[in-house]
Amino acid sequence: MLAGDRWAEESVLITGAQGFIGCWLAERLLSAGARIVATRRDVDPHSRFRREGVEERCEVVEADVTDQLGLERLLLEHQVKAVFHLAAQPIVPLANRSPLSTYESNLRGAYTLLEACRAARAGGAPIERIVVASTDHAYGRHEQLPYREDFALRPVYPYDVSKACTDMVARCYARVYDLPVAVTRLANTYGGGDRNWSRIVPDTARAIVRGERPVIRSDGSPERDYLYVKDAVEVYLAVAGSLDRQDLWGRAWNAGLGQPVSVLELVMRLIAISGKPVQPDVRGRGTPRGEIDRQFLDSTAIRTELGWSPRFTLDQGLRETYAWYERELGPARLDSEQQVA
Amino acid sequence: MRPSSPWAGRSVLVTGAQGFIGTWLTRRLLEEQARVVVLKRPSTAGGHFAREGLDQRCEQVQIDLLDHGSILRALNEQEVEVVFHLAAQTIVGAANSFPLNTFEANVRGTYNLLEACRLLRRGGAATRVLVASSYHVYGSHDGRPYVETMELRPGYPYDVSKACADMIARSYAVTYELPVAVTRLANVYGGGDLNFSRLVPSTARALVAGERPVIRSDGSPERDYIYVEDAVEAYLAAARSLDSPELGGRAWNAGAGTATSVLEVVRRLIAASGRDLEPEVQGLAGPRDEIDRQWLDSTAIRDELGWGPRVSLDEGLASAYAWYERELASL
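Residues numbered from 1 in each chain as written. Chains lettered and ligands numbered in written order. Predicted model: local features only at pLDDT ≥ 70, side-chain atom pairs only at ≥ 80, totals over all residues.

Engineer: How would you summarise the overall build of chain A if you had to cite specific residues and measurements?
Structural biologist: When its secondary structure is counted, chain A shows 13 helices and 13 strands. Whereas a compact globule of 341 residues would reach a radius of gyration of roughly 20 Å, chain A reaches 19 Å, a difference of no more than 12%. In terms of overall dimensions, chain A has C-alpha extents of about 60 × 50 × 40 Å along its principal axes. When the 341 residues of chain A are sorted by exposure, 52% land in the buried category. Partitioning the intrachain contacts of chain A with sequence separation of at least 6 by distance along the chain shows that 80% fall at a separation of at least 24. (Helix = DSSP H or I, 4+ residues; strand = E, 2+ residues; numbered from the N terminus. Rg over C-alpha atoms; globule rule 2.2 N^0.38 Å. Buried ≥ 20, exposed ≤ 12 C-beta atoms within 10 Å, placed from the backbone. Contact = placed C-beta atoms within 7 Å.)

Engineer: Outline helix α7 (residues 199-208) of chain B, listing residues and values.
Structural biologist: All names here are of chain B. For α7, the buried fraction is high: seven of the ten residues fall into the buried class. In this fold, the buried residues of α7 make contact with β7 (187-189), β8 (214-215), α9 (262-273) and α11 (313-327). One or two residues past the end of α7 sits G210, with phi positive at roughly 75°.

Engineer: So what about the sheet that holds strand β11 (residues 251-254) of chain B? Which residues, and what values?
Structural biologist: All names here are of chain B. Pairing is parallel in the open sheet, where seven strands are placed in the order β3-β2-β1-β4-β5-β6-β11. A strand with exactly one partner marks an edge of an open sheet, and here the two such strands are β3 (59-61) and β11. Shown here is a sheet whose adjacent strand axes are inclined to one another by a mean of 25°, direction ignored. In this structure, strand β4 (residues 82-85) lies alongside strand β5 (residues 128-134), joined through four bridges in parallel fashion. Following the sheet pairing, H85 is matched in β5 by V131. Contacts from helix α6 (residues 157-176) reach β5, β6 (180-185) and β11, with the element oriented near 155° to β6. (Pairing = 2+ DSSP bridges. Axes fitted to C-alpha atoms, helices over the stretch in contact; angles between N-to-C directions.)

Engineer: Run through the sheet that holds strand β1 (residues 11-15) of chain A, naming residues and quoting values.
Structural biologist: Residues and elements named next belong to chain A. Spatially, β3-β2-β1-β4-β5-β6-β11 is the arrangement adopted by the seven strands of the open sheet, whose pairing is parallel. Here the strands that pair on one side only, and so sit at the sheet edges, are β3 (59-62) and β11 (252-255). Here the average twist between neighbouring strands, direction ignored, is 20°. Summarising the sheet, strand β2 (residues 35-40) and β3 pair through four bridges and their orientation is parallel. Of the residues in β3, the one forming a bridge with A38 is V60. Sheet contacts for helix α6 (residues 99-122): β1, β4 (82-85) and β5 (129-133); angle to β4, the most-contacted strand, approximately 175°. Those strands touched by helix α7 (residues 158-177) are β5, β6 (181-186) and β11, and its axis lies near 155° from that of β6.

Engineer: Lay out unusual backbone geometry in plain terms, naming residues and giving numbers.
Structural biologist: A cis amide bond links L145 of chain A to the next residue, P146 of chain A, at an omega of -10°. Examined against the element boundaries, P146 of chain A turns out to sit in the loop between β5 and α7. Backbone geometry places E79 of chain B, a non-glycine residue, at a positive phi of 50°. Structurally, the position occupied by E79 of chain B is in the loop between α3 (68-77) and β4. Even without being a glycine, E177 of chain B presents a positive backbone phi close to 55°. By the element assignment, E177 of chain B lies in the loop between α6 and β6. Residue class for E177 of chain B comes out partly exposed when judged on the 13 C-beta atoms lying within 10 Å of it.

Engineer: Break down the pairing of β6 of chain A for me, citing the residues and quoting the values.
Structural biologist: All names here are of chain A. Along β6, six of the six residues are buried, which leaves the element largely enclosed by surrounding structure. Neither face of β6 is left uncovered, since the one carrying V181, V183 and R185 and the one carrying A182, T184 and L186 both have all their residues buried. Strand direction decides the pairing type here: β5 and β6, joined by four bridges, are parallel. Bridged to V132 within β6 is V183. Crossover handedness for the path β5 to α7 to β6: right-handed. Examined bridge by bridge, β6 and β11 share four bridges and lie parallel to one another. Across the sheet, the residue bridging to R185 is N254, located in β11. (Right-handed = clockwise from strand over helix to strand, strands pointing away.)

Engineer: Describe helix α9 (residues 229-242) of chain A, and please don't skip the residues or the numbers.
Structural biologist: Over its 14 residues, α9 of chain A extends 20 Å from the first C-alpha to the last, a length consistent with the 20 Å expected when each residue adds 1.5 Å. In terms of burial, α9 of chain A is largely enclosed, as 13 of its 14 residues are buried. (Expected span 1.5 Å × (residues − 1).)

Engineer: Go over the interface of chain B and chain A with me, naming the residues and quoting the values.
Structural biologist: Counting from both sides, the interface comprises 22 residues of chain B and, opposite them, 22 residues of chain A. Going through the elements one at a time, α5 (99-122) and α6 of chain B are the ones with two or more residues in the side of chain B that touches chain A. A per-class count over the side of chain B that touches chain A returns 14 nonpolar, five polar and three charged. (Nonpolar A, V, L, I, M, F, W, Y, C, P; charged D, E, K, R; others polar.)

Engineer: Can you lay out the pairing of β4 of chain A for me, pointing to particular residues and giving the numbers?
Structural biologist: Residues and elements named next belong to chain A. Neither face of β4 is left uncovered, since the one carrying A82 and F84 and the one carrying V83 and H85 both have all their residues buried. Strand direction decides the pairing type here: β1 and β4, joined by four bridges, are parallel. The partner of L13 across the bridge, within β4, is V83. One ladder, built from four bridges, connects β4 with β5; its direction is parallel. Within the sheet, the bridge partner assigned to A82 lies in β5 and is R129.

Here's what the structure looks like:
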């Protein structure tokens, strides 16, 4: 079946649609003809979701993912057939600073949503697929590389723990309650619209656009696996599609380019793409607390079993990404934001 | 009395004090002259805890573990130095039926408590925490004895809820240097366990009533059993390990180190009762291709903390049976 046919007129719930990846996913599903219900807690007027016209094409429901009855009502009233659970507090330093609210949003939000899905499905909602966003952080630190899906989840810091717990809970719901649930474990995802400035790509791109030196808080050596957001969106669709097959329920799927890239290299590539004559400011303080020094993913399973593969090389992805930040933060935009302020 | 007890005069909160193990732990801490704070319950009438008069000897505070603020207030005002976090929804079947309640009680209740301890410690309090996990967190490992470094591979909601609490607790230790110890105990049995979905209580009840004990499986699954007084000592040892800051964040197995089949436990309990009864083996869940054997390697707690089980299975079952024989008539 073509992806376009699958999603036409489908009622799809996206939690976290206002967020970075959620917005791209919503756009992609809208273009495939889906009807999107998006839950929202806070309102972000600077979000790509609002500025680039995605919001007005979705049915936005003011709801908190820890409100079980609200979610259940929404699933039933909209006769939701597919759920993408992306809502989370995704920033590692914020999780360190406020573990309680991170656990509330990430872990309690996930089990509450899954419970609402279970109840709504028992009550007649036609839920056929539930995709829960985990992350490569769930694995914690392993000597062996690259990470495979059967590795132990050995998280240490609060964000990683919140996601590992979510991951375990989601797979438990698939196994014990025969729910069509699958879990994604994506590499570091980057792309236009990510306004989490504590992350390396947004932070670096913003500095370069402003003509400032990008700051590297580590010594530049930590290596991670990076995935362009358009490829990430295709992972979500592929994993959702996998749930046609009951034998794939409860699976977790890695997705990344499978190549470790150091922070320094990533920054140098972004600088090269920008064509600006700036040099990184390497502060050289080792790996920041709460971060893992070297991690990349084995994505063999999703490639061979679901036919997903990344279409963007790192340079291609970074080029589109930098163009977005330049457009978003360039002189024209900065002037207009100042005028508004 | 032991004036030199490390617990004497210390303010200790026991969550789940009114439960089976909590009652034994509370009594033990009171013996050690600790000042024991427990959660006020709507009614404890009829329970083991109240029947032993423990509610008259403990501070009872209004805490809702799902309300972070209520925990913070109580810990602060009671100047709690040590928390034993035993409160949980512990019934596996109930967890399968109502997973949300189980996740709320076992996971959210735990991180709310840990967060309150973190905040108080940041404000200068000397709070340390023992979190009761369970061998259930390990899941299936092909019949090998569980060691603390093994992957957590939980299957059912109860197991998952405990694995989450276990990971979160250890994360608090590493991330915030909060003194946290985690215990993963084998199956605990003894007087006062009124969860009749469990093997020892249900078998003892049948025997006291003069009925044949029912074994739903084929009797072959093998588990590790420890007597409740040994379990209490494991909690105390793990809590005291936090005197050594480098031991913070550890998880400690505690079990007998042997696996005993369900049939064997029932036969020994029958022998302890002196009754002339035979078990009724229903064989609903077996036999399997592989032996269903779950047991704990307790080397670490033995070598590093000096804990070891002191009560043999026969002694423990005899004590447990004596309790059920004495108490069930009056319940």
